[in-house]
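Per-entry structural report
For reference, the chains in residue letters:
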Amino acid sequence: MAAADRSSSIVEYFGGEAGYRCGYCKNVTGNLSHGMWAHSMTVQDYQDLIDRGWRRSGKYVYKPIMNQTCCPQYTIRCRPLHFQPSKSHKKVLKKMLKFLAKGDSSKVAGDVTEEPMDSHREDALACSFVLKNESDISQSELKPLSVEETERVETDDNNEEEEMKKEVTMKKVESEPPQTCVDKDSAGSSERSDSAKLVHTTPKPGKGADLSKPPCRKAKDIRKERKLHKLLQNQPHTLEGSPSQVEPPVLLSQNSKSKANQPKSLEDFIFVSLPDDATHQLEFTRFLCDSPLEAENPPSGPDCGYGSFHQQYWLDGKIIAVGVIDVLPYCVSSVYLYYDPDYTFLSLGVYSALREIAFTRQLHEKASELCYYYMGFYIHSCPKMRYKGQYRPSDLLCPETYVWVPIEQCLPTLEHSKYCRFNQDLKAVDEGCIKELGRVRVLHKRTVMPYCMYKKRRKGPSDEASVQQYASLVGQTCSERMLLFRS
């Protein structure tokens with residue numbers, strides 16, 4: 001027996017047989033989950049718990065009863081080291097840069113809508129925090145959005161416009177009357193193509209493409225051609241075709257083509273340096289916040305240490321969003337996001353998720369084992385909550401064997417059944433299941449003891465069924481490390 005160690009997790013298990021209202025399908029009693037109150041918790045214990053399907057809301061830690069609840073909630077994680085922003089993600093990043101640089105808040109046609117957040121009222125109440133006023137923040141705490149002050153990277157829109165201008169220059173040169181004879185091969189090929197056109201016949205339905213009609217074109221190419229045509233109309237028609245003026249545009253076109261073949265990374269958008277005359281300034285601060293997680297700062301860990309943090313987004317000295325995250329040994333876990341509804345047009349839910357993915361990459365450089373971004377729960381039965389599956393590559397946690405399975409393999413089965421076992425190996429079992437109930441650690445009257453000893457001392461009805469359920473849910477490792485409070 002020993003006194004309670006302050007570095008140990010202390011939890012109070014509540015069970016969870018009674019159903020309550022579901023925030024997704026609005027079923028009055030359909031939401032079923034197990035829960036426990038975390039008086040304190042180490043980051044390693046919480047890491048192991050979320051790898052078994054648990055999730056915290058403030059100090060309350062809960063695990064859905066997956067095969068009974070109305071809307072099964074699967075733990076989802078993204079692999080940031082292999083993440084590439086999608087087209088819709090890039091739109092959000094460009095929109096933010098355009099707003100900061102030029103103050104443009106207009107919505108683009110076909111723009112992405114704001115992704116819904118996990119908006120449970122109990123989550124908002126449990127995750128209590130205090131926002132600092134601007135006057136309480138020192139200038140040394142404020143970190144500007146741009147980390148590369150000397151480098152100025154333009155947005156893709158500006159790059160595309162530059163390419164248009166270069167193509168305009170090239171087209172002007174090509175439109176000049178030729179001063180040398182036409183090459184015979186090109187002349188011959190044009191004659192052959194003309195003769196080939198004469199023998200083209202309209203194919204029968206289902207026999208292939210109709211060669212007499214122009215091929216289908218991408219909308220992007222059509223927009224590019226319109227922009228090029230507009231620039232041609234606006235540019236003066238006085239271009240001399242001397243060799244010294246013809247060669248540079250060709251070289252520029254080649255350079256722009258090679259640059260276009262290299263897609264921008266997430267960091268190119270997030271850590272871009274804004275122009276000196278930018279309309280708005282976005283600053284970013286991070287504070288350690290109160291939570292059941294005990295802050296740790298080991299030498300081999302990230303510079304910020306492990307624990308719970310508030311990431312604050314300041315726009316021109318005004319706070320517009322706060323992201324709550326947990327930095328754990330193997331991941332950054334997104335807990336919640338609060339934002340000013342006046343800035344919904346910036347899609348702050350998407351933007352903050354992309355920033356947190358980039359932040360995970362930064363932490364990985366110092367702590368190599370920290371390489372995942374946990375996004376909470378993926379709820380396939382609720383269409384508005386499927387957006388988390390758009391951050392690829394990502395994995396879902398099998399609710400029976402607790403192994404990670406790529407989401408592409410899970411989606412077909414989820415289309416047929418809202419509850420699924422993702423592990424296709426039918427012989428596989430939960431490797432972390434409880435094997436020795438007597439080894440479960442218990443905290444009773446400020447004294448730590450194994451459950452086998454507590455069981456002998458306990459007076460009153462047996463609580464073995466409750467302890468057995470708790471141990472099976474947290475697993476053997478956590479049950480031997482955490483302290484289960486017993487009155």
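These numbers were taken from a predicted model, which means no experiment stands behind them.

A closer look at the overall build of the protein
On a plain count of helices and strands, the protein comes out with 12 helices and 17 strands. Of all intrachain contacts in the protein linking residues separated by at least 6 positions in sequence, the fraction that spans at least 24 positions is 71%. Of the roughly 27100 Å² that the protein leaves accessible, carbon and sulfur atoms contribute 52%.

Regarding helix α10 (residues 407-416)
Those residues of α10 not exposed but buried are I407, C410 and L414. Taken down its axis, α10 places every buried residue within 55° of arc, on the same side. Exposed residues on α10 whose side chains face more than 90 degrees from its buried face are Q409, E415 and H416. Packing partners of the buried residues in α10 comprise β6 (74-78), β12 (372-378), β13 (394-397) and β14 (404-406).

A word on the pattern of salt bridges
Two side chains that carry opposite charge are able to pair once their charged atoms sit near each other. Going through the model one piece at a time under the given rule, you end up with 16 salt bridges. R392 is the salt-bridge partner of E408, the closest N and O atoms lying 3.1 Å from each other. One end of the pair, E408, is in helix α10; the other, R392, is in the loop between β12 and β13, with 16 residues separating them in the sequence. For D463, the salt bridge goes to R458, with nearest N and O atoms at 3.8 Å. Judged by relative accessible area, R458 falls into the partly exposed class, the value being 29%.

Notes on the confidence of the model for the protein
The predicted model of the protein averages 79 in pLDDT, with 69% of residues at 70 or higher. Throughout residues 117-157 the model reports pLDDT below 50, and contacts reaching past four residues in sequence, or to other chains, amount to 89 contacts. Low pLDDT, under 50, characterises residues 235-259; the predicted model gives this stretch 17 contacts beyond four residues in sequence or across chains.

Description of the packing of helix α1 (residues 43-50) against helix α12 (residues 464-481)
Interaxial distance between α1 and α12 falls to 10 Å at its minimum, and their mutual angle equals 160°. Regarding the angle of α1 to α12, the classification is roughly antiparallel. As α1 runs across α12, the sense of the crossing is left-handed. On α12, the residues touching Q44, D45, D48 and L49 of α1 are V474, T477, C478 and R481.

Considering the pairing of β13
Both faces of β13 are covered, namely the face carrying S394 and L396 and the face carrying D395 and L397. Pairing geometry for β13 and β14, over three bridges, is antiparallel. Bridge pairing links D395 to P406 in β14. Following β13, the chain reverses through six residues before pairing antiparallel with β14; Y402 in that reversal takes a positive phi of roughly 55°.

Let's talk about the nonpolar core
Counting residues in each nonpolar core, the largest one holds 93 residues, and the members touching the most others are M36, M41, Y391, L396, F422, Y470 and M482. Look past the residues within four positions of F422 in its chain and what remains in contact with it is Y74, L396, L397, C398, P399, V405, C410, T413 and L414.

Points about the pairing of β12
Across the seven residues that make up β12, a large majority, six, are buried. Bridge count for β6 against β12 is four bridges, and the pairing is antiparallel. By the bridge assignment for β12, R77 is matched with Y374. Of the strand pairs in this sheet, strand β11 (residues 331-339) and β12 are connected by three bridges, and their pairing is parallel. When the bridges of β12 are listed, V332 appears paired with Y373. A crossover connection joins β11 to the parallel β12 through helix α9 (residues 348-366); in handedness this β-α-β unit is right-handed.

Remarks on the packing of aromatic side chains
Throughout the structure, instances matching the rule amount to 11 aromatic pairs. Where F83 meets Y391, the ring centres are 6.4 Å apart and the plane angle is 25°; that geometry is what we call stacked. Highlighted residues: F83 in the loop between β6 and α2 (87-102) and Y391 in the loop between β12 and β13, separated in sequence by 308 residues. Of the two residues, F83 and Y391, neither departs from the other in class, the shared state being buried. A ring pair is formed by Y374 and W404, whose centres lie 5.5 Å apart and whose planes are at 80°; its orientation type is edge-to-face.

A closer look at the packing of α2 against α9
Following both chains from N to C, one finds α2 and α9 inclined at 100°, their axes separated by 10 Å at the closest point. When the interaxial angle is binned, α2 and α9 end up roughly perpendicular. The segment α2 lies against α9, with H89, V92, L93 and M96 engaging L348, V350, Y351 and L354. Within the contact of α2 with α9, the residues separate by chemical class into seven nonpolar, one polar and no charged.

Details of unusual backbone geometry
Along the chain, R392 connects to P393 via a cis peptide bond; the corresponding omega equals 0°. Of note, P393 is situated in the loop between β12 and β13. Even without glycine at this site, K445 takes up a positive phi of about 50°. On the secondary structure map, K445 appears in the loop between β15 (441-444) and β16 (447-450). The exposure class assigned to K445 is exposed, which follows from its relative accessible area of 69%.

Rules behind the numbers
Residues numbered from 1 in each chain as written. Predicted model: local features only at pLDDT ≥ 70, side-chain atom pairs only at ≥ 80, totals over all residues. Heavy atoms only, no water. Helix = DSSP H or I, 4+ residues; strand = E, 2+ residues; numbered from the N terminus. Contact = heavy atoms within 4.5 Å. Areas by Shrake-Rupley, 256 points an atom, 1.4 Å probe, with all protein chains shown as cover. Buried < 20%, exposed > 50% of the residue type's maximum accessible area, 1.4 Å probe, protein only. Arc of directions from axis to C-beta. Salt bridge = Lys/Arg side-chain N within 4 Å of Asp/Glu carboxyl O. pLDDT = per-residue confidence, 0-100. Axes fitted to C-alpha atoms, helices over the stretch in contact; angles between N-to-C directions. Parallel < 35°, antiparallel > 145°, perpendicular 65-115°, else oblique. Left-handed = near helix turned anticlockwise from the far one by under 90°. Pairing = 2+ DSSP bridges. Core = buried A, V, L, I, M, F, W, Y, C linked by side-chain atoms within 4.5 Å. Right-handed = clockwise from strand over helix to strand, strands pointing away. Phe/Tyr/Trp six-rings, centres within 6.5 Å; stacked < 30°, edge-to-face > 60°. Nonpolar A, V, L, I, M, F, W, Y, C, P; charged D, E, K, R; others polar.

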